[in-house]
Amino acid sequence: MQDEEVPANFQMHIYPWADVAQREAFVKEITGDGNVMSDRPIYPKETPIIASLQSRKQTMMSSELERYRRVGRLASEAMTEVLSAAKPTWTEYQLAGAGAEALWARGLHPALTLVAGERRLPMYRHATATAEQIGRQAMLVFCARGWGLYANLTRFVCFDFLGEKYSELHRQVREIEAVALNFCRPGVTLNAVYDTLKTAYEEHGYPQAIAEHHQGGTTGYLAREIVANPATSDILAENMAVAWNPSLSGAKIEDTFLIHSDGTLENLTFDPNWPSVEVAGRLRPVPLEIWHDRPSSI
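What you see is a predicted model, and the numbers here were worked out from it, not measured in a lab.

Undergrad: Tell me about the packing of aromatic side chains, and please be specific about residues and values.
TA: Within a pair of aromatic rings, the relevant descriptors are the distance that separates the centres and the angle that separates the planes. Overall, the coordinates contain one aromatic pair when judged by the stated rule. Relative to Trp 291, the ring of Phe 161 lies with its centre 4.6 Å away and its plane at 55°, an arrangement referred to as tilted. Of this pair, Phe 161 sits in the loop between strand E5 (149-158) and helix H5 (164-183) while Trp 291 sits in the segment after strand E15 (288-289), and the two are 130 residues apart along the sequence. For Phe 161, a relative accessible area of 44% gives the class partly exposed.

The following block contains the structure:
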């Protein structure tokens, strides 16, 4: 870290990793024996970080935003590259491995790569990869980390026409997501956004879907800083990032958005080379359809 990661003007305080007493002595010395806030308090005089400080952690400064935009762009480019090259004979392991390789090649850490092929896709919302061939269609999920920041996105590929059933499922998921995105603006609470998602599911005829997988929430230095639920009263603010992931059986949508002061959202994981349609004024991804005898298209 000292050689490669931090500026030369940083003062280093080094102690043997196994010497807990020396660590505690350093903390006591540097804080003047005062109160210490921690995200995981385990020692006397350590108290949990207060909510306002946690909120500041989730609010990006301009330098962080520059890094976040780069992480999002690289992650989405890696996703497009991998799914454009994927084959129906690949195993889920191969697709996940290709995704991880594409992220590492861009300097990003594949903190999470989820894959579900044709058979497992309707069964599992949060599918870890297996040795099974992906078959006719597949879902790939990235939580890609760069400079500590997480870019979260989900995409689908189909090696044929998607078909009416799945086209309709994806259309409904996009509409459900749009309700949540429209509600994301400074001053709104996370549970209020969650409630709009719950209502949207109900209006589309899927009242149980809200409980079948987590719906997302704020993101940044964790894949989800706070996962939204009925009790999360945390307030959204300018320069916070959110990643919602509404889903139905066989369909899901996810990107990482930055909230601006005027309530507009900036899609940090948008790739203009990926097929998309406009939903509520935003370009949203659709499954990539690849035919054996025709070029890729929407």
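What follows picks up the thread again.
Undergrad: Report on the sheet that holds E15, specifying residues and quantitative values.
TA: The strand order across the open sheet formed by four strands is E3-E4-E5-E15, and the pairing between neighbours is mixed. Of all the strands in the sheet, the pair left with one neighbour each is strand E3 (109-116) and E15. The sheet strands contacting helix H3 (residues 62-85) are strand E4 (137-146), E5 and E15, and the helix crosses E5 at an angle near 20°.

Undergrad: Kindly report on the nonpolar core, identifying the contributing residues and their values.
TA: Of all hydrophobic cores here, the largest spans 30 residues; its most connected members are Cys 184, Val 193, Leu 236, Val 242 and Trp 244. Discounting residues that sit within four places of it in the chain, Val 242 has contacts with Cys 184, Gly 217, Thr 218, Thr 219, Leu 236, Asp 255, Thr 256, Phe 257 and Ile 259.

Undergrad: An account of the side chain of Gln 58 is requested, with residue identities and associated values reported.
TA: Residue placement: Gln 58 occurs in helix H2 (residues 51-58). Within the local environment of Gln 58, its side chain forms a polar contact with the side chain of Thr 218, the two groups lying 2.8 Å apart.

Undergrad: Describe the pattern of salt bridges, with residues and values.
TA: All told, the structure shown has 17 salt bridges when counted by the stated rule. Glu 212 is the salt-bridge partner of Arg 125, the closest N and O atoms lying 2.5 Å from each other. Remark: Glu 212 occurs in the loop between helix H6 (190-203) and strand E6 (216-219) and Arg 125 occurs in the loop between E3 and E4; sequence separation between them is 87 residues. On the basis of relative accessible area, Arg 125 is assigned to the buried category, the value being 15%.

Undergrad: An account of a nonpolar patch on the surface is needed here, citing residue identities and associated values.
TA: Nonpolar side chains collect at one region of the surface, where Met 37, Ile 50 and Leu 53 lie side by side and expose about 260 Å² of accessible area between them. Tracing the chain through its elements places Leu 53 in helix H2. In this structure Leu 53 comes out as partly exposed when scored by relative accessible area, which is 42%.

Undergrad: Can you explain the packing of H3 against helix H4 (residues 92-105)? Please cite residues and give values.
TA: Interhelical geometry of H3 versus H4 gives an angle of 140° and a closest axis separation of 9 Å. As judged from the angle between their axes, H3 and H4 are oblique. In this structure, H3 meets H4 at a crossing whose hand is right-handed. Between H3 and H4, the contacting residues are Ala 75, Ala 78, Glu 81, Val 82 and Leu 83 on the first element and Leu 95, Ala 98, Gly 99, Ala 102 and Leu 103 on the second. For the contact of H3 with H4, the per-class residue count stands at eight nonpolar, one polar and one charged.

What counts and how
- Counting from 1, residues in each chain are numbered in the order their sequence is written.
- For this predicted model, a pLDDT threshold of at least 70 governs which residues receive local features, and a threshold of 80 or more governs which side-chain atom pairs are given and counted, while totals over whole chains, interfaces and linings are taken from all residues.
- To obtain the side-chain values, all non-hydrogen atoms of the structure were used and water was disregarded.
- Two rings belonging to Phe, Tyr or Trp (six-membered ring only in the last case) form a pair when the distance between their centres is within 6.5 Å. Interplanar angles under 30 degrees mark stacking, angles over 60 mark edge-to-face geometry, and anything in between is tilted.
- Labels follow the DSSP assignment, with helices taken as runs of H or I lasting at least four residues and strands as runs of E lasting at least two, numbered in each case from the N terminus.
- Exposed residues in this analysis have more than 50% of their type's maximum accessible area, buried residues have under 20%, and partly exposed residues fall in between, with area computed by a 1.4 Å probe over protein chains only.
- Whether two strands pair depends on DSSP finding at least two bridges between them.
- Contacts are residue-level and defined by heavy atoms, with any inter-residue pair within 4.5 Å sufficient.
- To obtain an axis, a line is fitted to C-alpha atoms, over the contacting stretch when the element is a helix, and the angle between two such axes runs from 0 to 180 degrees between their N-to-C directions.
- For our purposes a nonpolar core is just a set of buried Ala, Val, Leu, Ile, Met, Phe, Trp, Tyr and Cys residues, chained together by side-chain atoms within 4.5 Å.
- Here a polar contact means two N or O atoms within 3.5 Å. Within protein one must be a hydrogen donor candidate and the other an acceptor candidate, and residues neighboring in sequence count only if both atoms are side-chain atoms.
- Salt-bridge detection follows one rule: a side-chain nitrogen of Lys or Arg within 4 Å of a carboxyl oxygen of Asp or Glu.
- For patches, a residue must show more than 30% relative accessible area and have no salt bridge; joins then use 9 Å for like charges and 5 Å for nonpolar side chains, namely Val, Leu, Ile, Met, Phe, Trp and Tyr.
- All accessibility values rest on the Shrake-Rupley procedure with a 1.4 Å probe; residue burial counts only the protein chains present in the view.
- With respect to orientation, any angle under 35 degrees is reported as roughly parallel, any angle over 145 as roughly antiparallel, any angle of 65 to 115 as roughly perpendicular, and every other angle as oblique.
- In this scheme the crossing of two helices becomes right-handed for a clockwise turn of the near helix relative to the far one and left-handed for an anticlockwise turn of less than a right angle.
- The residue classification treats Ala, Val, Leu, Ile, Met, Phe, Trp, Tyr, Cys and Pro as nonpolar and Asp, Glu, Lys and Arg as charged. All others, Gly included, are polar.

Structural measurements only, silent on function.
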